[in-house]
Amino acid sequence: MEKKPRGPPTNLSLSSSSSLLSFSLSSSPLSSPPMAILLVLFFFVAAIPSVPPVLAAPASSTAVSFTPQDNFLIDSGSVANTTHSDGRVFISDQTFGKYYSSQGRDVLITVPSADVPSRIYLSARVFIQEAVYTFHMARPGWHWIRLHFFAFNNTEFILENAKFSVMTDSLVLLHEFTIDASATNTTKWFFKEYLVNVTAERLSLKFVPVKGAPAFVNAIEVVSAPDILVTDIGSTLFPVAQYNGLVTQSYQTVYRLNVGGPQLTSRNDTLGRTWTSDGQYLQPKVSGNNVSVAPSVIKYPEGGSPLIAPQSVYASAVEMATANVADPNFNVTWNLEIDLSYQYLIRLHFCDIISKTLDDLYFNVYINGKMAISGLDLSTLTGGLATAYYKDFVVNSTMISTPLSIQIGPMNQGTGAKNAIINGLEVLKMNNSVGSLDGEYGVDGRSLGGVNKGTVAAVGFAMMFGAFVGLGAMAFKWQKRPQDWQKRNSFSSWLLPLHAGDTSFMSSKNSLGSRKSQFFSSTTGLGRYFSFAELSEATKNWDANAVIGVGGFGNVYIGEIDDGATKVAVKRGNPQSEQGINEFQTEIQILSKLRHRHLVSLIGYCDENTEMILVYEFMSNGPLRDHLYGKDLPSLTWKQRLEICIGAARGLHYLHTGAAQGIIHRDVKTTNILLDDNFIAKMADFGLSKDAPTGSEQHVSTAVKGSFGYLDPEYFRKQQLTDKSDVYSFGVVLFEVLCARPALNPALPREQVNLAEWGMQWKRKGLLEKIIDPHLIGNINLESMKKFAEAAEKCLADYGVDRPTMGDVLWNLEYALQLQEASSQGKAEDENKALAATAAPAPAPISTPDNHPNALPEQSRTPKEVQAVDEHSGTAMFAQFAALNGR
Ligand SMILES: *[C@@H]1O[C@H](CO)[C@@H](O)[C@H](O)[C@H]1NC(C)=O
Ligand SMILES: *[C@@H]1O[C@H](CO)[C@@H](O)[C@H](O)[C@H]1NC(C)=O
Ligand SMILES: *[C@@H]1O[C@H](CO)[C@@H](O)[C@H](O)[C@H]1NC(C)=O
Ligand SMILES: *[C@@H]1O[C@H](CO)[C@@H](O)[C@H](O)[C@H]1NC(C)=O
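Summarised in this report is the structure supplied together with it. (Residues numbered from 1 in each chain as written. Chains lettered and ligands numbered in written order. Predicted model: local features only at pLDDT ≥ 70, side-chain atom pairs only at ≥ 80, totals over all residues. Heavy atoms only, no water.)

1. Quick word on the overall build of the chain
Here is step 1 of the chain: Helices and strands together make up the secondary structure of the chain, namely 18 helices and 42 strands.
Here is step 2 of the chain: Out of the 887 residues in the chain, the part that is buried amounts to 59%.
Here is step 3 of the chain: By element, 53% of the accessible surface of the chain is carried by carbon and sulfur atoms, the whole surface being about 34800 Å². (Helix = DSSP H or I, 4+ residues; strand = E, 2+ residues; numbered from the N terminus. Buried < 20%, exposed > 50% of the residue type's maximum accessible area, 1.4 Å probe, protein only. Areas by Shrake-Rupley, 256 points an atom, 1.4 Å probe, with all protein chains shown as cover.)

2. Quick word on the pairing of strand β36 (residues 612-617)
A regular strand carries its side chains on alternate faces of the sheet.
Here is step 1 of the chain: Most of β36 sits out of view: six of its six residues are buried.
Here is step 2 of the chain: Two strands pair when backbone bridges link them, and strand β34 (residues 566-573) and β36 are joined in this way by six bridges, in the antiparallel orientation. Paired with Lys571 across the two strands is Leu614, which belongs to β36.
Here is step 3 of the chain: In this structure, strand β35 (residues 602-606) lies alongside β36, joined through four bridges in antiparallel fashion. Its bridge partner lying in β36, Leu602 is registered against Tyr616.
Here is step 4 of the chain: Here β35 folds back onto β36, and the loop between the two strands holds five residues, one of which, Asn609, carries a positive phi near 45°. (Pairing = 2+ DSSP bridges.)

3. Concerning the site of ligand 2
Here is step 1 of the chain: Residues in contact with ligand 2, as listed here, are Trp142, Asn197, Thr199, Asp227, Val247 and Thr248.
Here is step 2 of the chain: With respect to ligand 2, the side chain of Trp142 contributes an N or O atom lying 3.2 Å from an oxygen atom.
Here is step 3 of the chain: Protein coverage of the free-state accessible area of ligand 2, which is 360 Å², stands at 59%.
Here is step 4 of the chain: A breakdown of the residues in the shell around ligand 2 according to their chemical character gives two nonpolar, three polar and one charged. (Near = heavy atom within 4 Å. Polar contact = N/O pair within 3.5 Å; in protein donor to acceptor, adjacent residues only side chain to side chain. Nonpolar A, V, L, I, M, F, W, Y, C, P; charged D, E, K, R; others polar.)

4. Re the nonpolar core
Here is step 1 of the chain: Among the nonpolar cores identified, the biggest contains 72 residues, and Phe730, Leu738, Phe788 and Leu813 are the most heavily contacted of them.
Here is step 2 of the chain: Leaving out residues up to four positions away in the same chain, Leu738 has contacts with Trp638, Arg641, Leu768, Ile772, Asp773, Leu776, Ile780, Met785 and Phe788.
Here is step 3 of the chain: Counting residues in each nonpolar core, the second largest holds 67 residues, with Tyr281, Leu348, Phe393 and Leu425 among its members. (Core = buried A, V, L, I, M, F, W, Y, C linked by side-chain atoms within 4.5 Å. Contact = heavy atoms within 4.5 Å.)

5. Considerations on the side chain of Asn432
Here is step 1 of the chain: Position of Asn432 relative to the elements: it lies in the loop between β29 (424-430) and α4 (456-466).
Here is step 2 of the chain: On the basis of relative accessible area, Asn432 is assigned to the buried category, the value being 9%.
Here is step 3 of the chain: Reaching out from Asn432, the side chain makes a polar contact with the backbone oxygen of Gly439 at a distance of 3.1 Å.
Here is step 4 of the chain: What Asn432 contacts, discounting residues up to four positions off in sequence, is Tyr342, Gly439, Glu440 and Leu448.

Shown next as structure tokens:
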């Protein structure tokens with residue numbers, strides 16, 4: 001059970017979203033019994049020689065400073081920038097979060113003074129709902145993430161009751177974390193430090209409060225760390241083998257001790273690290289003796305660097321207390337409590353600051369009672385006295401017990417001093433196989449133990465929502481596949497080879513699968529596997545009456561699975577269609593990377609006999625368009641429409657900003673906004689989606705795709721895609737929602753054909769109410785409509801740069817909703833009457849039958865005809881569209 005979530009991704013924008021992702025769904029089974037931990041007695045040690053075996057003359061010691069390329073220092077909740085006691089300036093997060101404070105979902109709190117080491121602890125941002133900080137990285141590679149907390153007293157929240165999770169896109173940092181009340185001494189400040197190899201251009205930090213409890217943070221650091229901090233390859237000692245892959249791990253600092261010396265803070269360490277003193281872990285204390293020299297005498301060997309650990313760490317050590325006694329024969333021991341469900345990288349720092357001559361000191365080092373280094377010979381390794389050396393060990397914690405014990409003891413043989421020393425000690429927790437540094441669940445709810453057979457039913461639901469993590473990795477592989485993979489005309493050909501070396505794939509399919517439904521192991525992440533027979537039965541043999549949608553790829557059917565218990569939407573692709581394969585692939589890639597309340601969820605798939613079938617959650621209320629016009633469905637209220645637009649905007653906002661690399665939907669339209677039982681809107685159909693441009697590139701060049709009537713004129717002109725193209729399309733959707741007519745209606749007089757143009761004309765005249773859906777008249781608050789129309793107008797700006805982000809749009813829509821709600825609580829009567837009055841004598845537009853949806857009686861057509869008409873009108877409109885937008 002090993003699957004690799006990708007390293008986290010990352011300029012800084014802050015957004016807050018009320019949706020809880022699938023996290024809330026998948027976290028519910030967390031209370032189920034802890035997954036079995038394999039108690040295999042197996043000791044696994046990797047040693048990484050940190051210095052070249054051939055020794056050159058030690059480089060002389062110079063204080064090296066490191067300038068981090070990414071250096072995000074955020075003082076959360078502070079209205080001003082704050083200078084840390086170490087001199088670094090932490091920026092107020094107000095600068096970045098212009099939208100979220102106004103939503104009232106998170107609150108700034110401050111305390112005037114407290115016994116804390118830095119002013120960054122005196123303010124905090126408290127989140128009542130999920131909130132995300134997004135950082136745009138200048139450079140991939142190692143980064144520190146430090147989260148600072150101080151549960152200070154304030155009038156609004158009891159921060160000691162906080163309970164929350166913090167995660168990046170691929171890594172859980174804290175899981176349902178609570179402040180340990182027992183550990184609170186006089187001061188309650190602390191920080192958590194992580195070392196993460198960031199491989200994407202974006203890193204997001206998501207704070208997810210547990211229902212009813214607040215989440216908070218006082219300060220955040222996301223800072224580049226030098227590459228030399230972690231080297232990839234080492235050799236293991238038990239058994240002797242090579243250990244690879246340290247650079248793909250993420251780490252959390254559990255202990256960092258300046259052995260034999262005082263605490264060093266970020267002031268004393270150019271990388272901002274804190275080294276605590278070791279005294280409390282040395283047992284018994286009398287067995288060790290502190291020794292120290294002036295830091296300036298410490299040298300680094302060639303290839304070494306003060307960035308690994310500063311001189312002041314090597315300048316102090318603990319030696320055997322009775323080193324001067326005739327026959328010292330004991331070990332000096334440090335005991336460190338650890339959580340046994342993780343692997344650890346243990347880094348031991350040595351520097352011979354006690355010997356008078358070379359080749360005098362040899363000693364043994366043990367980890368949990370096992371020999372780690374026999375006869376450590378610093379003279380040979382470093383070629384000098386007072387020269388820094390370190391060694392890394394990876395311990396597989398399924399074997400070691402807690403406390404972790406680090407021991408040094410004399411070599412009882414030969415000549416030389418009977419002594420032993422150690423100067424520094426770091427213990428870094430490594431992420432587990434589901435990508436977590438805290439708890440057994442990955443970012444999307446995959447659990448370490450996989451699916452427990454006895455509880456398949458119970459967790460099946462959660463799995464559907466959480467089982468796709470592996471695909472994140474798959475998506476990555478796809479990008480690296482040979483150019484010709486698209487030519488292999490089979491759905492399964494691009495799915496299955498990825499698992500060729502993964503035995504758990506087949507076995508979990510067989511052992512977990514019942515006759516009807518088979519779950520892939522959560523590690524392969526494909527969700528539920530369906531047999532073709534099962535889906536044929538579910539769709540009544542692909543009954544034409546079960547068709548609920550059509551597209552270039554094939555049809556979408558409604559189906560019932562699990563003996564009718566669950567309704568699903570089944571998308572059956574045409575395997576002959578290359579476009580189909582591409583779109584299916586894109587869809588899987590996107591949906592597997594993303595989980596969001598406002599994005600439609602993928603449940604599983606079938607690839608039997610070259611079939612390409614995807615199974616989705618069924619959205620019982622169908623596309624938004626059906627509720628606006630064309631079908632005789634009850635008219636949606638203005639509030640419902642606002643809520644739907646807000647939901648869709650949230651989904652898009654998440655696509656643009658929430659993923660490792662932003663994603664452009666490319667086909668935003670009312671038929672791709674689906675409504676569930678409760679009229680919650682979810683974005684669907686990611687077949688055309690593209691990853692957003694990264695880094696310095698501002699756009700993706702691509703052939704123009706999308707739907708006419710919704711196409712961004714700039715994209716159309718320049719064939720350059722940005723997320724602002726989606727914003728444009730969303731502007732059209734907003735007008736469609738307000739006016740309840742299609743984006744393009746070729747049957748109308750020329751000036752009315754294109755809704756975007758038509759709407760903008762009336763908006764500019766300030767007479768938009770003349771063309772709104774007649775059902776809304778008298779039921780819509782004028783101010784709310786104004787705000788809404790303003791948002792639509794901004795979305796439709798000619799140039800992408802002038803358009804708002806989806807986050808801005810979202811804020812405007814929420815504001816429009818507030819205005820509507822405030823007015824429906826009584827005082828709006830007059831305004832409505834006023835609106836009704838102005839609208840009543842309005843001229844033709846409202847009542848012209850042509851202008852109205854029913855002009856296109858789609859419900860009477862078969863799906864094929866619908867598609868044909870859509871395509872035809874698209875082509876027909878092509879020239880006209882270009883003309884319309886060529887202005
Ligand atoms: C904080 O510092 C940043 C960057 O130096 C600057 O852009 C911003 O205006 C400052 N904010 C305040 C409130 O001083
Ligand atoms: C980060 O990880 C990637 C592989 O995931 C690796 O290729 C890269 O070298 C690592 N970066 C550093 C600085 O170690
Ligand atoms: C030091 O510890 C190791 C491992 O626990 C043990 O094997 C060894 O005998 C100890 N040495 C002495 C002198 O006690
Ligand atoms: C930690 O995550 C990485 C991918 O980010 C993965 O390759 C690695 O296997 C995980 N660590 C463990 C111990 O499973």
